[in-house]
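The primary structure of each chain is shown beneath.
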Amino acid sequence: MDVKERMLELTKILNQANYDYHTLDQPTISDYDYDHYLKELVELEAKYPEFKAIDSPTEKIGGVVLSGFEKVTHTKPMMSLSNVFSADELKEFDERILKVVSNYHYVTELKIDGLAVSLTYEKGLFVRAATRGNGLVGEDVTQNVMTIKSLPLKLTEPIDIIVRGEIYMPHKSFKKLNEQRLSNDEPLFQNPRNAAAGTIRQLDSKVVAERNLDLFTYTIVDDKNYVDTQKEALEYLKKLGFKVNPNYHLIDDIDHLIQQIEAYDAFRKTLPYDTDGVVIKINEFDLYERIGYTSKFPKWATAYKFKAEQVETILKDITFQIGRTGVVTPVAELEPVFISGSTVARATLHNEDYVLAKDIRIGDTVLVHKAGEIIPEVIEVVLDKRTNQKPFQMIESCPVCGEPLIRKPGEADHYCSNPDCPGKNINGLIHFSSRVAMDIDTLGEKVVETFHELGYLNSIPDIYKLKDFSDELKELPGFGDKKIDNLLTAIENSKSQTLDKLLFGLGIKHVGAKVAKILVKHYPSIDELKEATFEDLNAIPDIGEMIAQSIVNYFHDSKNLEMIEELKRFGLNMIFEKGEQIEHPFNNKTIVLTGKLQIFTRDQASDLIEKLGGKVSSSVSSKTDFVVAGEDAGSKLKKANELGVKVIDEQAFKVMVDGLY
Ligand code: IVH
């Protein structure tokens, strides 16, 4: 056998093995043999690339690194489905259909919890995969989808076809991935759907290949060209070599439909991947046009969403969290469990009365659900599983500052009695991220409050830990991927903010924006400032005793020093580069000096302007930003007034540059 034939043979063996294992779930050769054949083929392809088959299984290894994803316009929009949440709503759906047509069947399919993908084949060969995007335009993820082992690169028929399906991450892949991430100290994915979505947007397809995504197909675009019913479409997809979820059923009427859905709900928990409902489609394609579409959904299909789950887990500990108003709340620290699409490790216990009324104790087995599908909550204790847990006792002092807690008569909440409690004083966080300090766009008051209340933000360093929780944050109502991505980018960018902004942001008593600017001129790094003595500081013009003492006190507090070290580790800039411009109204401005100056010499004034990033010019024009007018200013002042250029006197100039010389 010559090389070419051997390569063809290996391609065939390996593709068949892939199909048997990944599509049919029926392995036919051992892993050992598979690895050997693959190795042999990889080596041959390296030597004889001209003989590499277009559907070579080595494509599944990945290795293409992209710089970004191209946009793809879908030939037919990728619609989504309406939802129903109960048997009654399902009956209403059926009644709406009955009004239009009479002879029909339903096909039920599991609703796979992943991300939709559109696959294009030309002459039976895989050419492109695109994400849903906004339904009209998606992203080209061909290289990544190519690594999915069950994806056929060549169909059994040489046809042009567009097929749609769901990419998902099986539980096994998800577990392996998170275990790896844990040992690498990387943030964990919240759920398989997020992991699949994050993986499909990886630029390096090798990473995708390693994560073992999978794919079920369920739709043929322009299906009527190929078959007449959804059941036939699923069967045809299988015949073409696609992986189709086997749990579909043809249903005669609404009563059977409801029965079938109940059966699915119990059954789905046994599956090795996530499902979040059942998709119900009319089987007969010739009825689709008559039943019609809304702008977003087909009216001939809907998704029945499963009810929120209740899951048992262990209550490992009860911790306490302080809110904005000083209310101290008990929080359940749980053995992490997967509930309704995400892993839950904490749940609110509301207040002392709630815990006592339900007699919730550390070590108990508890039932947890997601209130409104979002907020994790402990519903009750599984008393049968209680051993000898001790009854709950509310703490008496603040978990942050240690001052006594008080419970006002008639109220269920405990408050911290310390008006300056740092735990509740989130104003500091709001100030730190504000535009005048670190300028973390979008981390405004509301967001800080929300994150603080949910326990994500208690201190300045927590801001830089938010990225570890991005998957969780994206699930919060009102946030979503884009908002959180923007926020995390703004946080990342703030790390390079100038040192004076950081000093101001830290909220050191009496260190305002102006003092911070003076400080960095004298101490161009935080390490130097840290060592400054009271005398050193007090010797600086414009730094009085009060400010000097406050700075010394701040840097003598070990908690502050620890925090600064932590921020340093996060990569925040703590150095003021020589020549670095501090933000100032003179920055990039053209300034003209005129008349006799009393306080400064001309040279001093010019020097100052240049230090602050401005340019001194000798003549006034429409491009002039400021004219500094001393005594007896003449024609230049006149011209400035004519042109409407801003004029300031020397006193105002002094105020603007005060302390910066
Ligand atoms: S059919 C017109 N079938 O659910 C839309 N979708 O909420 C046709 N999904 O965007 C979709 N499993 O990502 C269909 N067996 C299935 C599905 C399924 C999961 C997803 C799909 C779709 C979303 C709709």
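As shown above, the structure is provided for reference.
Here the structure is a predicted model, which means the values were calculated and not measured.

A.B. asks: An account of the overall build of the chain is requested, with residue identities and associated values reported.
C.D. replies: Looking only at helices and strands, the chain has 25 helices and 22 strands in total. The C-alpha atoms of the chain give 33 Å as radius of gyration, which overshoots the globular expectation for 661 residues (26 Å, by more than 25%). Across its three principal directions, the C-alpha atoms of the chain cover 95 × 70 × 60 Å. Counting across all 661 residues of the chain, residues that qualify as buried make up 48%. At a minimum sequence separation of 6, the contacts of the chain that also span at least 24 residues come to 67%. Carbon and sulfur atoms make up 51% of the accessible area of the chain, which amounts to about 33,300 Å² in all. Each charge class in the chain was averaged separately, 81 positive and 105 negative side chains, and the resulting centres sit 4 Å apart.

A.B. asks: If you had to explain the site of the ligand to someone new, which residues and values would you point to?
C.D. replies: Within the structure, the ligand sits among 13 residues, and Glu109, Ile112, Glu166, Tyr218 and Lys281 are positioned closest to it. With respect to the ligand, the side chain of Glu109 contributes an N or O atom lying 2.9 Å from a nitrogen atom. Within the side chain of Tyr218, one N or O atom sits 3.4 Å away from an oxygen atom of the ligand. When the ligand is considered free in solution it has 520 Å² of accessible area, and contact with the protein chains removes 87% of it. Taken together, the elements giving at least two residues each to the shell around the ligand come down to β3 (106-112) and β10 (275-282). The element best represented in the shell around the ligand is β3, accounting for four residues. For the shell around the ligand, a count of residues per class yields eight nonpolar, one polar and four charged.

A.B. asks: An account of the sheet that holds strand β7 (residues 161-168) is needed here, citing residue identities and associated values.
C.D. replies: Reading across from one edge, β5-β4-β7-β8 is the order of the four strands in this open sheet, with antiparallel pairing throughout. Unpaired on one side and paired on the other, β5 (125-131) and β8 (214-220) mark the two borders of the sheet. Looking at each pair of strands side by side, their axes are set apart by 35° on average, direction ignored. Pairing between strand β4 (residues 115-122) and β5: six bridges, direction antiparallel. Residue pairing across strands places Tyr121 opposite Phe126, the latter belonging to β5.

A.B. asks: Please set out the side chain of Asp55 residue by residue, giving values where relevant.
C.D. replies: Tracing the sequence through the fold places Asp55 in the loop between α2 (31-47) and β1 (71-73). For the buried Asp55, which has no salt bridge, the nearest side chain bearing the opposite charge is Lys154, at an N-O separation of 4.5 Å.

A.B. asks: I'd like to hear about the pairing of strand β19 (residues 590-594), residue by residue, with values.
C.D. replies: Across the five residues that make up β19, a large majority, five, are buried. Across the two faces of β19 the burial is the same, with Thr590, Val592 and Thr594 and Ile591 and Leu593 all buried. Where β19 lies against strand β20 (residues 615-617), three bridges are found, and the strand directions are parallel. By the bridge assignment, Thr590 is partnered in β20 with Lys615. With helix α23 (residues 602-611) bridging β19 and the parallel β20, this β-α-β connection has right-handed handedness. Pairing analysis gives four bridges linking β19 to strand β21 (residues 626-629), with the strands arranged parallel. When the sheet's bridge partners are listed, Val592 is paired in β21 with Val627.

A.B. asks: An account of helix α25 (residues 650-657) is needed here, citing residue identities and associated values.
C.D. replies: A turn of α-helix holds 3.6 residues, and therefore any two residues three or four places apart point the same way. Within α25 the residues assigned to the buried category are Glu650, Phe653 and Val657. Projection of α25 onto a plane perpendicular to its axis shows the buried side chains occupying an angular sector of 55°, all on one side. Looking at the buried side of α25, the elements it contacts are α23, β21 and β22 (646-649).

A.B. asks: Go over the state of the cysteines, please, and point to the residues and values.
C.D. replies: A covalent bond bridging the sulfur atoms of two cysteines is what the word disulfide describes. Following the criterion strictly, the structure yields zero disulfides and no others. For Cys421, which is in no disulfide, the shortest distance to another cysteine sulfur is to Cys398 and amounts to 3.8 Å.

A.B. asks: Can you tell me about the nonpolar core, naming the residues and giving the values?
C.D. replies: By size, the foremost hydrophobic cluster in this structure holds 72 residues, and its most contacted members are Leu90, Leu119 and Val145. Residues within four places of Leu119 in sequence aside, it is in contact with Phe126, Arg128, Ala129, Val145, Leu151, Ile161, Ile162, Val163, Leu215, Thr217 and Phe242. Membership of the second largest hydrophobic core comes to 56 residues, among which are Val447, Ile491, Ile508 and Leu567.

A.B. asks: Provide a residue-level description of the sheet that holds β3, including the pertinent values.
C.D. replies: Strand order in the open sheet formed by five strands is β2-β11-β10-β3-β9, and the pairing between neighbours is mixed. Of all the strands in the sheet, the pair left with one neighbour each is β2 (83-84) and β9 (249-251). Judged from the five bridges that link them, β10 and strand β11 (residues 301-305) form a sheet pairing that is antiparallel. Among the inter-strand pairings, Ile280 is bridged to a residue of β11, identified as Thr302. Packed on one face of the sheet, helix α3 (residues 87-98) meets β2, β3, β10 and β11 and runs near 175° to β11. Here helix α9 (residues 254-267) sits on the sheet in contact with β3, β9, β10 and β11, set at roughly 25° to β3.

A.B. asks: For the packing of aromatic side chains, give the residues involved together with the corresponding values.
C.D. replies: Across all of its chains, the model carries 23 aromatic pairs by this definition. Between Tyr304 and Phe306, the aromatic rings sit 6.4 Å apart at their centres with planes inclined by 70°, giving edge-to-face as the arrangement. Taking the relative accessible area as the measure of exposure, Phe306 reaches 8% and is therefore buried. With a centroid separation of 5.5 Å and an interplanar angle of 65°, the aromatic rings of Phe586 and Phe626 are classed as edge-to-face. Residue Phe586 is found in the loop between α22 (558-569) and β19, and its partner Phe626 is found in strand β21; the two are separated by 40 residues along the sequence. What makes Phe586 buried here is its relative accessible area of 0%. Since its relative accessible area comes to 10%, Phe626 is described here as buried. In textbook terms, an aromatic cluster arises when at least three aromatic residues are bridged by ring pairs, as seen for Phe285, Tyr288, Tyr293 and Trp300. One cation-aromatic arrangement involves Lys408 over Tyr415; the distance from NZ or CZ to the ring centre is 4.3 Å. Here Lys483 stacks its cationic end above the ring of Phe479, 5.3 Å away from the centre of that ring.

A.B. asks: Provide a residue-level description of the packing of helix α1 (residues 3-23) against α2, including the pertinent values.
C.D. replies: Where α1 meets α2, the closest approach of the two axes is 10 Å, and the angle between their N-to-C directions is 140°. Taken together, the axes of α1 and α2 are oblique relative to one another. The chirality of how α1 crosses α2 is left-handed. Of the residues in α2, those in contact with Val3, Arg6, Met7, Leu10, Thr11, Ile13, Leu14, Ala17 and Asn18 of α1 are Tyr34, Tyr37, Leu38, Glu40, Leu41, Leu44 and Glu45. Considered class by class, the residues forming the contact of α1 with α2 number 11 nonpolar, two polar and three charged.

Conventions we followed
Residues numbered from 1 in each chain as written. Predicted model: local features only at pLDDT ≥ 70, side-chain atom pairs only at ≥ 80, totals over all residues. Heavy atoms only, no water. Helix = DSSP H or I, 4+ residues; strand = E, 2+ residues; numbered from the N terminus. Rg over C-alpha atoms; globule rule 2.2 N^0.38 Å. Buried < 20%, exposed > 50% of the residue type's maximum accessible area, 1.4 Å probe, protein only. Contact = heavy atoms within 4.5 Å. Areas by Shrake-Rupley, 256 points an atom, 1.4 Å probe, with all protein chains shown as cover. Lys, Arg positive; Asp, Glu negative; His and termini not counted. Charge placed at Lys NZ, Arg CZ, Asp CG, Glu CD. Near = heavy atom within 4 Å. Polar contact = N/O pair within 3.5 Å; in protein donor to acceptor, adjacent residues only side chain to side chain. Nonpolar A, V, L, I, M, F, W, Y, C, P; charged D, E, K, R; others polar. Pairing = 2+ DSSP bridges. Axes fitted to C-alpha atoms, helices over the stretch in contact; angles between N-to-C directions. Salt bridge = Lys/Arg side-chain N within 4 Å of Asp/Glu carboxyl O. Right-handed = clockwise from strand over helix to strand, strands pointing away. Arc of directions from axis to C-beta. Disulfide = S-S within 2.5 Å. Core = buried A, V, L, I, M, F, W, Y, C linked by side-chain atoms within 4.5 Å. Phe/Tyr/Trp six-rings, centres within 6.5 Å; stacked < 30°, edge-to-face > 60°. Lys NZ or Arg CZ within 6 Å of the ring centre and 35° of its normal. Parallel < 35°, antiparallel > 145°, perpendicular 65-115°, else oblique. Left-handed = near helix turned anticlockwise from the far one by under 90°.

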